[in-house]
Amino acid sequence: MPQQLPHTVRRVGTKVAILAITSALAASTPFPAAAANSPTERASSLVDPLIGSSNGGNTYPGATLPGGMIAWSPTSTTGDQTSTGAANGYEYGATRVRGLSLTHVNGAGCNPGAAGDVPIMPFVGDVTSSPSADTKDAVYASNFSHTDEKATPGRYTLGLASGATADLAVSKRAGVADFTFPADRPASLLFRVSNSLNGSEDAHVDIDTAHHKVTGWVLTGAFCGRRANGGVNNRKSYYKLYFSASFDRAFSSVGTWHDSTVSPGSTTASGGEGYATGADRAGRGSGGWVGFDTAADNDVHMRIGISYVSLAGAETNLGQEIAPHARVADVAEAGARAWDRELSTVRLDGGTPARRQTFYTALYHALMQPNLISDTDGRYWGMDQAVHRLASGQRAQYSNFSGWDQYRAQIQLLALLEPTVAGDFAQSLYNFARQNGGVWDRWVHISGATHVMTGDPSAATLATFYAMGVRNFDYRGAFDSLVHQATVPNADELLDAGCPGQCVGQRPNLAQYMTSHYAAQDACHCWGGAAETLEDAVADSALAQWATLLGRTGEAKTFTERGAYWRNVFNPATGYIQARNLDGSWVTPFNPASDLGFAQGSAAAYVWMVPQDVTGLAEAMGGRETAATRLDGFFHTTDGAWSVRGGDALRYDPTNEPDIHAPWLYNSLGQPWKTQATVRQILDTAYGTGPKGLPGNDDLGTMSAWYVLSALGIYPRTPGSADLLLGAPLFPKAVLDRPGRTDIVITAPDADDTHSYVDAVRLDGRNLNRSWTGSALTLKGGRLDFRLGTDPNTSWAADPAGLPH
């Protein structure tokens, strides 16, 4: 790393002097020179996939590529075959595994989450009983030590206490593995086809001894399928994952099992586990094994392809993506290069090794999704349970849309860095909606509408994509479809199925909402009336901005008015957002620490969830000064200490989404130096290296995207807009290298641990005395130059006339 260059501009000793020179910076005071470029360094080498694998981060360490279909990673066990140590199958503290599964979802919060399909377990010993009957994972699982584990982008290696090892590498839809076994022990690979994280309706395995192949599928789905509030509603299958595995050597033994029956010599088996829990599911399921003679050769090489369309699709994907005799090292190097290209969309200069690792790992996690579900031939399984082909001009069908989470930060980062992928993702969501009777589901997994969470995040997401310049999707058709969803009621919106956490209505009780102008707590058929109103107001405001850009003045007027419906759940008597009944009365008793009327958050957290109208919110609270003082109390205890780690229902929670934009609200309140201080505190204390390096669920890259954007000193002002709020960058220089667009260059030469405040900013060489950019920087690229200081500059960007709305 280069040494930090000497400061060419230092702070004048008094605030008075600072105020005197601020207005003349452009003409008279040069900014410090940007740091020199770092030596050539592979961005992939800076990533630690184990960050976030503990402390509820729910990341996984296994091998995957950017937007990849396959994600080959361990399934942990804590002694219950129907559960794991974490939502997505891997918890750093659970050092026992029952297989290496082919699919995963990054950072989702439900336990179990989703996927974890087809665990493949290298087993040392004789298979003498059914692995499905091993309900406590006492026999067909193995301990391991983290000293025998290595995770890098696109590759994962694990040594087991049994003496077996696995070395895995992947392409987009396929993978290769070297399994090694002790030479003096029986050796097998178990294909646990029915043992997905949420169980399975059915599963099947075939063993072809003549061609050294194992093929099969699992019929599964049910994200969050065992939640008490909506489990029965969501216990359904909506995809089949097919796999085809081939080996470089003959099998010495084969066998299958179904439930408790083991059948040595058998080559086919079927049967699912169901979607129950514990004893109701334990002991059920099917699979097969293949054994190997390790006396002369204890290494087994396997190639595997997967598909959501067909077995032929899995085999074609494998043949198209991985050469017949490719080694693990070859595939791993290709994967590392793919990640280098992806991660190099942001090139950093300077920063400590720990901060660079934290940053690039966050970027890695943020750009792992959306995930491919289309095969190399362009076919994919649709939400109508039929095979489809890509739309005209579409490069790939993507899925895994954690909308309620992602629309706040991850979507903006994707649009900024990978606009073509963003457009394909937008088209993918529109394709799903057309296959689903015009309904845009708020949480899509593979080809399934799971209904998880609340609000209408699809509207906010696609409006944001369009505002940020994404055009490679049918934006007029998508806009019309989302307007229809927001204005025309349907029967599902009056159902309570799945409520509160998985309500099937995507605009619950829409007729009532359009009449009352808020979601009534006692009649909304939603998770919480206050939260639903806030979410829909954000979505409608985003649609209004999109309509304006499209020249649709009628819709723009309508949705602008609806974007202000948040005012109807702001209770002046309490000063908080509060749920209301259909008759207009406020839901009581009221407690700002309570989540009554809200979804995964308290009234104290949700009161700030009005990013589209911060000025109006401040006025409702009594003015900007009053609002800023309240915001101070949201980030500090009564004695003035920071409170930004979560655990206090009255204060900021970095582990969940409703308030993650709150640190940036000071910009709109005329006190941007407090945004700078608060964001730096969160960056330095809630995030870091190691398994506990995320504050909570990564939620498909959302929390990681928050870190990336905040560390760059930028953050989206509101959904549906291309405006960026400005903070204090962590790094002396960052170049956002955007495909097909002009770069965005951000310099802050003084950036270090002590320089956490903004003294001045230039945008394309001109002084910028406001704490936000317009859309031009996002759409056309440009240069932001920051001069940072060690103390707050309370004059910069404080003029009420220049505040973001």
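Structural data are supplied above this passage.
A. Representation of the sheet that holds strand E24 (residues 443–445). Strands sit in the order E23-E24-E25 across an open sheet of three strands; the sheet is antiparallel. Two strands close off the open sheet at either side, each with one partner strand: strand E23 (401–402) and strand E25 (448–449).

B. View of the pairing of strand E17 (residues 299–307). With eight of nine residues buried, E17 lies mostly within the body of the structure. As judged from the seven bridges shared by strand E8 (residues 174–180) and E17, these two strands associate in the antiparallel manner. What sits directly across from Gly175, in E17, is Ile304. For strand E12 (residues 237–247) and E17, the ladder comprises six bridges, and the chain directions are antiparallel. Bridge pairing in E17 places Ala245 opposite Ile304.

C. Spatial organisation of the environment of Arg507. Position of Arg507 among the secondary structure elements: in the loop between helix H12 (475–487) and helix H13 (510–516). Given the relative accessible area of 1%, Arg507 is considered buried. Taking C-alpha positions, Arg507 is 27 Å from Thr615, a pair spaced 108 residues apart along the chain. Excluding anything up to four places from it in sequence, Arg507 contacts Asp456, Gln485, Ala486, Glu493, Asp536, Ala539, Asp540, Leu543 and Arg562. Looking at Arg507, its side chain comes within polar contact range of the side chain of Asp540, at 2.9 Å.

D. Fine view of the pattern of salt bridges. Applying the stated criterion across every chain yields a total of 31 salt bridges. In this structure, Arg327 engages Asp330 in a salt bridge whose closest nitrogen and oxygen atoms are separated by 3.0 Å. Across the pair Asp480 and Arg552 runs a salt bridge whose closest N-O atoms are separated by 2.7 Å. Of this pair, Asp480 sits in helix H12 while Arg552 sits in the loop between helix H14 (529–550) and helix H15 (553–562), and the two are 72 residues apart along the sequence. You can call Asp480 partly exposed: its relative accessible area is 37%. One network of salt bridges, with partners in common, ties together Asp456, Arg507, Asp536, Asp540 and Arg562.

E. Molecular detail of the state of the cysteines. Counted by the stated rule, this structure contains two disulfides. Each disulfide pairs two cysteine sulfurs, and for Cys499 the partner residue is Cys503, the sulfurs being separated by 2.1 Å. The S-S bond linking Cys499 to Cys503 shows a torsion near 140°; that makes this disulfide right-handed.

Thresholds, definitions, all that
- Residues numbered from 1 in each chain as written.
- Predicted model: local features only at pLDDT ≥ 70, side-chain atom pairs only at ≥ 80, totals over all residues.
- Heavy atoms only, no water.
- Pairing = 2+ DSSP bridges.
- Helix = DSSP H or I, 4+ residues; strand = E, 2+ residues; numbered from the N terminus.
- Buried < 20%, exposed > 50% of the residue type's maximum accessible area, 1.4 Å probe, protein only.
- Contact = heavy atoms within 4.5 Å.
- Polar contact = N/O pair within 3.5 Å; in protein donor to acceptor, adjacent residues only side chain to side chain.
- Salt bridge = Lys/Arg side-chain N within 4 Å of Asp/Glu carboxyl O.
- Disulfide = S-S within 2.5 Å.

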